[in-house]
Amino acid sequence: MRRLLLIFTVMIPCFAYGYGDHRGRNLDSLETLLSSFTPDVLGKATEKEKTEYAEICTNLAWGYLQLDGAKSTYYAKQALKISREQGDNEMTLDVSILIGQVFWAKEMYDSARVYYGIAAENLSLFEEKTKGEDVHNLEAMQSRLWGTLGNFYAVQDSVEQFAYYYRKAGEIFEKWGWNEDGSTLHVNLGEVYLDNGDLKTAKAEYDKGLELAEKSKDSLIVAKALYGLGRWYHESGKTAKALRFLTKADEYYGNHPKEESVGRADTLAVMNDSYNKLYRYARVIAVSAILIIVLSIIAFAISENLKKVKKELKETREVLDETIEEIRPENPDREICLKGKEKQIASLMVQGKSTKEIAEEVNLGINTILWYRKRLYTKLGVHSVAAFASEVLKRRLLEKSLNSEEGTTE
């Protein structure tokens, strides 16, 4: 969070002595130009030459801010020394903020506060000096300091003061149509509110940030806003949407891998986490789908088995009923007679059909057929299929059964 706000602060230009964009600066050329200002030359320099020297130092300080904190501080202090000697409140404010930023990045907040105080003091002096005549430049300086103080209080976990200074700066940005700075401000607001768990307010700020970024037509500002929204969707659990915004942001960072390495690293980190979440979701869905299929198969198998068991129970009851009927005391002279399923099964047994074949043909379970076989063997006092077939044919039981049924029908 602190690193992100620092990067965004760098993007807010100081309109009087603005370091616009480090991507377009040639720091080597600036240092070569500065080398001509030897101590002797500088000691004899005119006020105009000293101003030129201070401006070069300021540009170098901003250029090295993200690359070399020590160099950035050195050049900023050189510029600060000249600007204070000359009573240049604008440049003093600019480089004081810059030095404060370096200390802030090192988490040396007391030192940062000292230089922010110098900046605030010079803003007051400038306000007195201009007496409201140079409104544009004055408000540019005010918004710059207020935006910086907003960032400072954000990392101090003072959301109230952070929002207070940011709102003041935002009013000026909106008044003058400074869309780049306005976008940066609203994205920063989104970051702080998101980190504090206020998702609704954070989303509104991110949306406003993207709207202003697109109006600015600055690709880096747009990329920052896209990253912010991508992070919001990621934190909100809307991973697919998060990846759409993050991918668009990375398209810019991918074209500036050296200059925007920090921004791309942050974007790729959130993208990687989002992809991991998608993979986890996919695995959960896949496992769930497999479990549902397996459970469905098991349920189907159980259902089929229950149907089979139910059918066999019904058949068993019928066989038991018939068996009970058979063992009731009867006339010993009564002839053996095959009825219903018995006759049908006996006929198939005589034809040499297997138990499985008989079960399929008469649409009964195998166990039920075995019951019938056992009963038929018992009736005829035999113990094999061959003996059974011989007895049936010998006694003409199939014909008797047929005649008995015809007689009953008549």
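Look a little higher up for the structure.
Values in this document were obtained by computation on a predicted structure and should not be read as measured data.

(A) Molecular detail of the packing of aromatic side chains. One pass over the structure, following the stated rule, counts 16 aromatic pairs. Measuring from ring centre to ring centre gives 6.2 Å for Y109 and F152, while their planes differ by 70°; the resulting arrangement is edge-to-face. With a gap of 43 residues between them, Y109 in helix α7 (residues 109-130) and F152 in helix α8 (residues 135-155) connect regions that are remote in the sequence. With relative accessibility at 15%, the residue Y109 sits in the buried group. Pairing F152 with Y153 gives two aromatic rings, centres 5.6 Å apart and planes at 75°, and the pair type is edge-to-face. Pairwise contacts between aromatic rings join Y109, Y116, F152, Y153, Y164 and Y165 into one cluster. The ring of W146 is capped by K168, whose NZ or CZ atom sits 4.0 Å from the centre of that ring. Across the ring face of W232, the terminal group of K203 is positioned such that the distance to the ring centre comes to 5.6 Å.

(B) Quick peek at the nonpolar core. Counting residues in hydrophobic clusters, the biggest one holds 83 residues, and the most contacted among them are L34, L60 and F162. Apart from the residues within four sequence positions on either side, F162 is in contact with G150, N151, Y153, A154, N188, L189 and V192. Core analysis: the next-biggest nonpolar cluster, separate from the first, contains 18 residues, I345, V362, L364 and Y372 among them.

(C) The packing of helix α15 (residues 340-350) against helix α16 (residues 355-362), seen in detail. Across the interface, α15 lies against α16 with an axial gap of 10 Å and an inter-helix angle of 135°. Compared by their axis directions, α15 and α16 come out oblique. Classified by chirality, the crossing of α16 by α15 is right-handed. Residue-level inspection shows K341, Q344, I345, L348 and M349 of α15 in contact with α16, the latter providing I358, E361 and V362. Counted by class, the contact of α15 with α16 contains 5 nonpolar, 1 polar and 2 charged residues.

(D) A look at helix α6 (residues 89-105). Taking 1.5 Å per residue as the helical rise, α6 with its 17 residues ought to reach 24 Å, and the 24 Å between its terminal C-alpha atoms agrees with that figure. With 16 of its 17 residues buried, α6 lies for the most part within the structure. Structurally, the start of α6 carries an N-cap: the backbone nitrogen of E90 is 3.3 Å from a side-chain oxygen of D88. Following α6 by one or two positions, E107 adopts a phi angle in the positive range, close to 65°.

(E) Fine view of a nonpolar patch on the surface. A cluster of nonpolar residues, V287, I290, L291, V294, L295, I298, I302 and L306, forms a patch on the protein surface that exposes about 740 Å² of accessible area. Position of I302 relative to the elements: it lies in helix α14 (residues 261-327).

(F) Structural view of unusual backbone geometry. Residue E107 is not a glycine yet carries a positive backbone phi of 65°. Its place among the elements puts E107 in the loop between α6 and α7. Using a relative accessible area of 47% as the deciding quantity, one classes E107 as partly exposed. Phi is positive for K217, close to 60°, though the residue is something other than glycine. Its place among the elements puts K217 in the loop between α11 (199-216) and α12 (219-235). Judged by relative accessible area, which is 75%, K217 ranks as exposed.

(G) Summary view of the pattern of salt bridges. The full count for this structure, using the stated rule, is 12 salt bridges. One continuous salt-bridge network, built from bridges that share partners, spans E191, D195 and R231.

About the cut-offs
Residues numbered from 1 in each chain as written. Predicted model: local features only at pLDDT ≥ 70, side-chain atom pairs only at ≥ 80, totals over all residues. Heavy atoms only, no water. Phe/Tyr/Trp six-rings, centres within 6.5 Å; stacked < 30°, edge-to-face > 60°. Helix = DSSP H or I, 4+ residues; strand = E, 2+ residues; numbered from the N terminus. Buried < 20%, exposed > 50% of the residue type's maximum accessible area, 1.4 Å probe, protein only. Lys NZ or Arg CZ within 6 Å of the ring centre and 35° of its normal. Core = buried A, V, L, I, M, F, W, Y, C linked by side-chain atoms within 4.5 Å. Contact = heavy atoms within 4.5 Å. Axes fitted to C-alpha atoms, helices over the stretch in contact; angles between N-to-C directions. Parallel < 35°, antiparallel > 145°, perpendicular 65-115°, else oblique. Left-handed = near helix turned anticlockwise from the far one by under 90°. Nonpolar A, V, L, I, M, F, W, Y, C, P; charged D, E, K, R; others polar. Expected span 1.5 Å × (residues − 1). Polar contact = N/O pair within 3.5 Å; in protein donor to acceptor, adjacent residues only side chain to side chain. Patch = residues over 30% accessible without salt bridge, like charges linked within 9 Å, V, L, I, M, F, W, Y side chains within 5 Å. Areas by Shrake-Rupley, 256 points an atom, 1.4 Å probe, with all protein chains shown as cover. Salt bridge = Lys/Arg side-chain N within 4 Å of Asp/Glu carboxyl O.

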